Amino acid sequence: MKFDTPATTNPIDQLKVVGQPIHRIDGQLKTTGRAKYAYEWHDTQIPYAYGYPVGASIAKGRIRSMDVAAAQTAPGVLAVVTTLSVGDREKGKFNTAKLFGGDEVQHYHQAIAVVVAETFEQARAAAALVKVDYAVEAGAFDLKEAMKTAEKPAESQQPDTAAGNFDDAFASAAVTLDETYTTPDQSHAMMEPHASIAAWNGDEVTVWTSSQMIDWWRSDLATTLDIDKEKIHLMSPFIGGGFGGKLFLRVDAVLAVLGARAAKRPVKVALPRPFMINNTTHRPATIQRIRIGAERDGKITAIAHESWSGDQPGGQLETAVAQTRLLYAGANRMTAMRLATLHLPEGNAMRAPGEAPGLMALEIAIDEMAEKLGMDPVQFRILNDTQVDPEKPQRPFSHRDLVGCLKLGAERFSWDSRGRPGARRDGNWLIGHGVAAAFRNNLVLPSGARVRLNREGIVTVETDMTDIGTGSYTIIAQTAAEMLGLPLDKVAVHLGDSRFPVSAGSGGQFGANSSTSGVYAACVKLREAIAAKLGFNSADVVFENGEVRSGNRSVPLSQAAGEQGLVGEDTMTWGDLTETHQQSTFGAHFVEVGVDVATGESRIRRMLAVCAAGRILNPITARSQVIGAMTMGAGGALSEELAVDTRRGFFVNHDLAGYEVPVHADIPHQEVIFMDETDPMSSPMKAKGVGELGLCGVAAAIANAIYNASGVRVRSYPITLDKLIGGLPEIA
Amino acid sequence: MRVFTYERASSIEAAARAAASSPTAKFIAGGTNLLDLMKLEIEAPTHLIDINTLGLDTIEKTPEGGLRIGALVRNTDLAANDIVRRDYGLLSRALLAGASGQLRNKATTAGNLLQRTRCPYFYDTNQPCNKRQPGSGCSAIGGFSRQLGIVGVSDACIATHPSDMAVAMRALDAVVETVKPDGRRHAIPIAEFHRLPGDTPHLETVLEQGEFITAVVLPAPIGGRHIYRKVRDRASYAFALVSIGAVIQPDGTGRVAAGGVAHKPWRLEAADAELAKGAKATSAALLADARPTEQNRFKIDLVERTLGSVIAEARG
Ligand SMILES: Cc1cc2nc3c(=O)[nH]c(=O)nc-3n(C[C@H](O)[C@H](O)[C@H](O)COP(=O)(O)OP(=O)(O)OC[C@H]3O[C@@H](n4cnc5c(N)ncnc54)[C@H](O)[C@@H]3O)c2cc1C
Ligand code: SF4
């Protein structure tokens, strides 16, 4: 099915199941430990062996030689596979740095060997015995230095945009702002580490792994290992968080497959926690310059956003200016991004890539500008709203209710109780309120599904879609139930298996809308098959209460299925509605913080998010996404930073003791409100993404609240106490 | 983790003898620090002597009016003890500011005193570290040092002792009781227990190989307001950037020890003497010889400000 005209009324609009607050159908499996994560596929009949990875101990250079003799003869060791022994390999399409193979070291903890042994402990002990002789090379590790030689990347990365004449408009603006903001490298730091089990059967290999994108992994695994893609069976039914860290093939899968081949046994490989930080990808740091010019009445006349980030050679931009191209009006504008070469681990997508760090900067700048204008920051944003793409005014937004989010949020939060900077106090706490807009583009990807109806009247959905903790199982079941007029308990959902139709996968907040649309398309096919089998005229067929009805005939679905059952399979593809219309999601974050007047410790007291993201398919799972994202935003604002050792070229705080994500005590009352809306341009589901929207803008709202509390403006994240205490009142 | 042998200790003396018989033998108590370090091969004992069989898990009054805390009293139990809460509130508060409930259930009084630094380079065996590998150099100097020490540091090491409990013990003038491998008993004032890094940062205490901690003794209570203030980037489950443990009397005099600033809990008589004059004078004395790095210079201000707030709380 191709979605190329706006959706009209369809069975989803009944909202008997879709849109209902349904607890996740896989919840019980998870709370009782029966949901099997990648490392947990354990068959007592199978003699698993354990692989432990060895990472490069230098940041850049070449491996002259490796001595694995001691490792090979260590107790329990079955095989040692090294990057030299497998030789140069073609890199996966989605990887910037190579995962394994060859003598080149491109970054710290790049995998250079896997040691396979009878037990995990033996493998780990033997891995420590591998000796490596390196030829070390100098590298670039400091973005501040490297930005001086940063370059404009290929046009395909869309580095520059402009409209009107920014320079002239900025020069003549009545009120101007010109500030630079920095965001640090961040780690996905999801709970479940990257882990894989590989088992060969002849020339076929089955891989249980933790992947957001089954088909991308399968293709890139085939490329990296030079295996026929059809010979790889990939399974990832449950995933303990990904946040983008599991979008692209990672080395645990490669090492498990190679280790299993060498040891002639099924092999389990989990990446140790420090590898998550220096071996896999991270969100790259940015340096962002923002200039805004406005008339005295608050109308923006000029806006410019430039950003610098770094990556391995051949890498990508962190698209931190993305939202500035679309969020606020202003006739004269420019954006530009430049890419520096860094030899740190590969930078790549992390939840809301682009907008998350971009809004961290832009939404402080907007707060600063409102203050310069003497305007309330909510009003300033409302005044500069736009209903069209400001760079291409002929392109309207499909649906945009940022203003509604700001107004409702201000009311619910009692925004008008906000004081002047540094003016409110509660004991030792300086109290502040902050606001920021949330914005994230809505993306769609082709998504396929197969839907089977059996003679018991059970509908089974099969798609290689993944559930990374987001609720995919549940919303897919809701979609199929709605389409076929069934209660939820008559629907089974199977995900994350490469034998199923290729779906959108999970990422870029495209998963929910795209994958349910794919299920919608497959259900339409199944409905047609049912109608055809019964000789019903499909135009007037109704699916309701487990029956299919046409005119005054009605047949139970179980009967319609017949002995053989019926199948519908289809892939949703997308027309040009995303080009003719800008599709985005919107929101507003409101935050209250306390800043300890003595120590400068900032603690969040309450948070509110109002989201406008099309139809909400399930308010419970959607809320979980948003509060999780708000939590991640709190970490980004207050503590999360990968500390770069610019001499040695690696992230030093490479564990969860050093890389501080929020703990329960950091997260207070969180409230989420969804605007009651649909977006018929987005899909037959009329839904949009929401999983990343919740993160966008949170950190800036916190930053603005800290300013409001303390009167100290910090433009470099995270906002730790050392950046505040210099500006706090004297302590007697 | 390397292969090791394991025994359950039959008596304190036997444990001490067994530990002294090999330079690579170690006691294991709660194991919350030692096992983590073994997994990373930062510690590689060849023989473990499990001392959890030895009792030593009671808290008793001493004839002098103080408290004898058995070496194996768990941090949870120590923090919850009624006498500790009433007479040594500082200790209870410091303990509860550390780690997590689960860890405190395992962690012991002796193990806590002997926990090793949290310098991130110490944890990465690819990096030079004089503490982990004497003579290899110090990666933290000139590197990521935000968390690390500002006083009593050396050119060989700027690590801190990460314990919260030890800061309280220092302010309370605790005494560490030990049994040496030859069976002799020893009492070591906490002030002398931990060493400064000097040229030998791998030596962290004055204990001999095999010397066994049996108890930590607190002198009779001294009254006053007991305040422990731990400053950190997140609200819980993080080591201190700076912590202040203070006992402040109604006349404003008292004692103050700081955590997160040195290789040992940091207390100076000269600083105690200034306490009645306020935070500025006290912290100036406490940090008189500070040698911070660019990244942790803020701790000087932070100690003063935190102390200011502690003094205000004591007065208020
Ligand atoms: C995630 C995490 C967070 C933490 N956060 C904090 C925190 O915020 N604040 C804080 O203060 N601490 C914190 N800790 C550290 C914790 O307090 C220590 O790990 C614990 O106190 C160690 O006690 P243990 O009994 O487990 O020691 P073990 O690990 O068993 O032993 C530690 C050392 O002491 C030696 N030893 C033990 N008993 C004796 C004895 N009787 N005589 C001689 N030697 C002995 C052992 O040989 C070993 O070298 C944290 C730990 C973890 C893992
Ligand atoms: S500060 Fe001490 S523990 Fe840290 S790297 Fe230097 S020597 Fe090692």
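Residues numbered from 1 in each chain as written. Chains lettered and ligands numbered in written order. Predicted model: local features only at pLDDT ≥ 70, side-chain atom pairs only at ≥ 80, totals over all residues. Heavy atoms only, no water.

K.L.:
Teacher, can you tell me more about the interface of chain B and chain A here?
P.N.:
By a frequent convention, interface size equals the accessible area lost on bringing the separate parts together. Listed by partner, the interface residues are 35 residues for chain B and 38 residues for chain A. When the two sides are added together, the surface that chain B and chain A hide from each other amounts to roughly 3,100 Å², 51% of it contributed by carbon and sulfur. Sorting the residues of chain B by area buried against chain A places B:Asp233, B:Arg234 and B:Arg305 first, and these three jointly supply 24% of that buried surface. Counting every contact that joins chain B to chain A gives 5 salt bridges. Between A:Asp722 and B:Arg146 there is a salt bridge, and its shortest N-O distance comes to 2.9 Å. Taken together, the elements giving at least two residues each to the side of chain B that touches chain A come down to strand E9 (225-231), helix H11 (279-286) and helix H12 (298-315) of chain B. Looking at which element gives the most residues to the side of chain B that touches chain A, the answer is H12(B), with 7 residues. Per-class residue counts for the side of chain B that touches chain A are 14 nonpolar, 9 polar and 12 charged. (Contact = heavy atoms within 4.5 Å. Buried area = accessible area lost by both parts, 1.4 Å probe. Salt bridge = Lys/Arg side-chain N within 4 Å of Asp/Glu carboxyl O. Helix = DSSP H or I, 4+ residues; strand = E, 2+ residues; numbered from the N terminus. Nonpolar A, V, L, I, M, F, W, Y, C, P; charged D, E, K, R; others polar.)

K.L.:
It is not clear to me how the site of ligand 2 should be interpreted in this structure. Could you clarify?
P.N.:
Residues in close proximity to ligand 2 total 13 residues, the closest being B:Cys119, B:Cys129, B:Cys138, B:Cys157 and B:Ile158. Its residues placed into classes, the shell around ligand 2 shows 10 nonpolar, 2 polar and 1 charged. (Near = heavy atom within 4 Å.)

K.L.:
When you look at the confidence of the model for chain B in this model, what are you seeing that I'm missing?
P.N.:
Any region with low pLDDT has predicted coordinates that should not be read closely. The pLDDT averaged across chain B works out to 97; a share of 100% of its residues lies at or above 70. Predicted as a complex, the structure gets a pTM of 0.98 and an ipTM equal to 0.96. (pLDDT = per-residue confidence, 0-100.)

K.L.:
I'm lost on the site of ligand 1 in this one. Help?
P.N.:
Residue and element names in this part refer to chain B. Ligand 1 sits among 34 residues. The nearest are Phe27, Gly31, Thr32, Thr108 and Asp164. Taking Ala99, its main chain carries an N or O atom lying 2.9 Å from an oxygen atom of ligand 1. In the environment of ligand 1, a nitrogen atom lies 2.7 Å from a nitrogen or oxygen atom belonging to the side chain of Asp164. Out of a free accessible area of 980 Å², ligand 1 has 93% covered by protein chains. At the level of elements, strand E2 (25-28), helix H2 (34-39), helix H7 (109-113) and strand E8 (212-218) are the ones that each hand at least two residues to the shell around ligand 1. Each residue belonging to the shell around ligand 1 can be placed in one class, and the counts come to 17 nonpolar, 11 polar and 6 charged. (Polar contact = N/O pair within 3.5 Å; in protein donor to acceptor, adjacent residues only side chain to side chain. Areas by Shrake-Rupley, 256 points an atom, 1.4 Å probe, with all protein chains shown as cover.)

K.L.:
What exactly am I supposed to notice about the sheet that holds strand E26 (residues 584-596) of chain A here?
P.N.:
One key point about sheets: their strands pair by backbone hydrogen bonds, in either a parallel or an antiparallel sense. Residue and element names in this part refer to chain A. In space, the 5 strands of this open sheet follow the order E17-E18-E26-E27-E30, with mixed pairing throughout. Each end of this open sheet is capped by a strand with a single partner; those strands are strand E17 (424-426) and strand E30 (669-674). Each neighbouring strand pair of the sheet contributes to a mean axis angle of 25°, computed without reference to strand direction. Pairing of strand E18 (residues 429-441) with E26 involves 13 bridges; the strand directions are antiparallel. Each residue of the ladder has a partner; that of Leu430, found in E26, is Val595. Relative to the sheet, helix H17 (residues 619-638) contacts E26, strand E27 (602-612) and E30, its axis offset from that of E30 by approximately 130°. (Pairing = 2+ DSSP bridges. Axes fitted to C-alpha atoms, helices over the stretch in contact; angles between N-to-C directions.)

K.L.:
Just checking my understanding: could you explain the side chain of A:Thr463 for this structure?
P.N.:
Note that A:Thr463 resides in the loop between strand E20 (459-462) and helix H13 (472-484). Within the local environment of A:Thr463, its side chain forms a polar contact with the backbone oxygen of A:Gly448, the two atoms lying 3.1 Å apart.

K.L.:
Sorry if this is basic, but what is going on with H17(A) here?
P.N.:
The periodicity of an α-helix, 3.6 residues per turn, causes residues three or four positions apart to be oriented the same way. Counted at 1.5 Å a residue, the expected span for H17(A) with its 20 residues is 28 Å, and the 28 Å between its end C-alpha atoms agrees. With a side-chain oxygen lying 2.9 Å from the backbone nitrogen of A:Ile620, the N-terminal cap of H17(A) falls on A:Asn618. (Expected span 1.5 Å × (residues − 1).)

K.L.:
It is not clear to me how the nonpolar core should be interpreted in this structure. Could you clarify?
P.N.:
Buried together is how nonpolar side chains tend to be arranged in soluble globular proteins. Membership of the largest hydrophobic core comes to 119 residues, with the highest contact counts inside it found for A:Ile292, A:Phe590, A:Val593, A:Ile702 and B:Val261. Top element by residues in this core is helix H10 (residues 355-373) of chain A. It accounts for 11 residues. (Core = buried A, V, L, I, M, F, W, Y, C linked by side-chain atoms within 4.5 Å. Buried < 20%, exposed > 50% of the residue type's maximum accessible area, 1.4 Å probe, protein only.)

K.L.:
Would you take a moment to explain the sheet that holds E9(B) for this structure?
P.N.:
Residues and elements named next belong to chain B. The strand order across the open sheet built from 3 strands is E9-E10-E11, with neighbouring strands paired in antiparallel fashion. Of all strands in the sheet, those with a lone pairing partner are E9 and strand E11 (254-259), marking the two edges. Neighbour-to-neighbour, the strand axes of the sheet open up by a mean angle of 10°, direction not taken into account. Across 6 bridges, strand E10 (residues 242-248) lies against E11 in antiparallel orientation. Within E11, the position partnered with Ile248 by the bridge is Gly254. With respect to the sheet, helix H5 (residues 89-96) is in contact with E9 and E10, its orientation differing from that of E9 by roughly 20°.

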